[in-house]
Amino acid sequence: SIMNLISPKSHTVLTPGKKYTGGKTFFRDFPDLVISIPDEEVYHYKNNPLVHVPNSLKEALQIYILSVTLNSLYWNNVKFLSMMVHADRQKDVSRLFHSWVKDLIDKWTTILNLEEGDLGRIDLDREFKKIYENEAIKFYSVEDNLPNFSEIKPLIADAINDTQLYLIISDSDAEKEVDWESASSHILIGADMLNRGFTVENLAITYMPRYTKGKSNADTIQQRCRFFGYKQKYLKSCRVY
C-alpha cells in the first residue's frame, strides 16, 4: 500500500551486468534459446505421470554434454558448466528424473567404452553428431571457428565421465556446498530446494517441466529458470526448456 511507511518512493530496473544475460536476451534477442517442451512430455504427477524418459529431456542432456565438451574441454573458455533439472515439486518426481538422467549417463558411459567398430558405439556417435550439427551449434557463426564433430568426438566420453549428479530435495541437500571446480560438469535435479536463493554456477541448460495457470506466477518462474544467471561468454550454448 502507498500509505505504508515502507512503501518505496522510487524504483530502479537492475541490469544483469556485462558478464551476464537477462530476460531481454532470451525473449527478444535470442528467443530460439527458449524451447517449449511438447505438451505430451510435460510431466505432472496427476495429469501426465510419464513412465519413460521424455525425448526433450534426452535432447537437453545431449546438448548439455556437447556444450561441456565444446566450452570446457575443447575451447577451455570456462572451467565447468552446469545443468538444472527443475521437476515437479513432488520429491518422488525429482527422484524419478534423477534416475532417468543417471540411467542415460550410465548407458552412454558403457557404450562409449566399447570398441570403435561396435554397432552400439557407432549408433551413439551418429546420434551425438546429429544433435551437434542440428541443435548444439545452431546459433554459432563461421567467425566462431567451430570444430568439426570428429575433433570433439574423443572428448565426449571425458565430459560424461566427469559429470557429477546432485539430487537436491531436502534442507540438508540444499545446505551442502557444491565444489564447482571439482568437475567440468554438474547436473542438479530438484524442485523447491532449487528455487530462489540456491546458487547454480555457470548454468548453461535448464530443463523445467513446470507450468502455471496464473500470470501472477510469471516472476517466480523466471527466477526459477535463472533467466538472469546465464553468462555471455557461452550464451550460444545455453538452452532453457
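Along each chain, residue indices are assigned from 1 in the same order as the chain's sequence is written. Only residues with pLDDT of 70 or above have their local features reported here, since the model is predicted, and side-chain atom pairs are shown and tallied only from 80 upward, although totals for entire chains, interfaces and linings are computed over all residues. To get the side-chain values, all heavy atoms of the structure are used, and hydrogens and water are removed first.

So, about the overall build of the chain. Segments assigned H or I by DSSP are reported as helices when at least four residues long, segments assigned E as strands when at least two residues long, and all are numbered from the N terminus. Along the chain, the regular secondary structure elements total 7 helices and 5 strands. Of the regular secondary structure in the chain, the N- to C-terminal order runs α-α-β-α-α-α-β-α-β-β-α-β. Whereas a compact globule of 241 residues would reach a radius of gyration of roughly 18 Å, the chain reaches 19 Å, a difference of no more than 12%. Taken along its principal axes, the extent of the C-alpha atoms in the chain is 75 × 45 × 35 Å. With 241 residues in all, the chain has 46% of them scored as buried. Using C-alpha atoms as the atom set, the radius of gyration is obtained and then compared with a globule rule of 2.2 Å times the number of residues to the power 0.38. Residue burial is assigned from relative accessible area. The probe radius is 1.4 Å, only protein chains are included, and a residue is buried under 20% of its type maximum, exposed over 50%, and partly exposed in between.

Before going further, it helps to spend a moment on the sheet that holds strand S1 (residues 81–86). Within a sheet, adjacent strands bond to each other through the backbone by hydrogen bonds, running parallel or antiparallel. In space, the 5 strands of this open sheet follow the order S2-S3-S1-S4-S5, with parallel pairing throughout. The open sheet has two free edges, formed respectively by strand S2 (163–168) and strand S5 (239–240), since each of these has just one partner strand. At least two DSSP bridges between two strands are needed for those strands to be called paired.

Right, let's talk about the packing of helix H2 (residues 55–74) against helix H4 (residues 119–136) for a bit. To define axes, lines are fitted to C-alpha atoms, for helices over the stretch in contact only, and angles between the resulting N-to-C directions are given on a 0 to 180 degree scale. At a minimum axis distance of 10 Å, the contact between H2 and H4 shows a crossing angle of 85°. In terms of their interaxial angle, H2 and H4 are classed as roughly perpendicular. Residues Lys58, Glu59, Gln62, Ile63, Ile65, Leu66 and Leu70 of H2 form the contact with H4, whose own contacting residues are Glu127, Phe128, Ile131, Tyr132, Glu135 and Ala136. Three classes are used: nonpolar for Ala, Val, Leu, Ile, Met, Phe, Trp, Tyr, Cys and Pro, charged for Asp, Glu, Lys and Arg, and polar for all others, with Gly counted as polar. A per-class count over the contact of H2 with H4 returns 8 nonpolar, 1 polar and 4 charged. By the definition adopted for this analysis, an angle is roughly parallel if under 35 degrees, roughly antiparallel if over 145, roughly perpendicular if from 65 to 115, and oblique otherwise. Should any heavy atoms of two residues lie within 4.5 Å, those residues are counted as being in contact.

A helix's residues, less one, multiplied by 1.5 Å, set its expected span. The end-to-end C-alpha distance of H4 is 24 Å, a good match for the 26 Å that 18 residues give at a rise of 1.5 Å each. For H4, the elements touching its buried residues are H2, helix H3 (91–112), helix H5 (149–161) and S5. Its side-chain oxygen placed 2.8 Å from the backbone nitrogen of Gly120, Asp118 serves as the N-cap of H4. Definition of a polar contact: a pair of N or O atoms within 3.5 Å, with one able to donate and the other able to accept a hydrogen when the atoms are protein atoms, and with sequence-neighbouring residues admitted only if both atoms are side-chain atoms.

So, about the packing of H3 against H4. For any two helices packed against each other, one specifies the crossing angle of their axes together with the interaxial distance. Between H3 and H4, the least distance of the axes is 9 Å, while the angle of their chain directions is 120°. By the angle between their axes, H3 is oblique relative to H4. Viewed along their axes, H3 and H4 form a crossing whose handedness is left-handed. Touching Trp108, Ile111 and Leu112 of H3 are Gly120, Arg121, Leu124, Asp125 and Phe128, all from H4. Residue composition of the contact of H3 with H4, grouped by class: 5 nonpolar, 1 polar and 2 charged. In this scheme, a crossing is called left-handed if the near helix is turned counterclockwise away from the far one by less than a right angle; it is called right-handed if the turn is clockwise.

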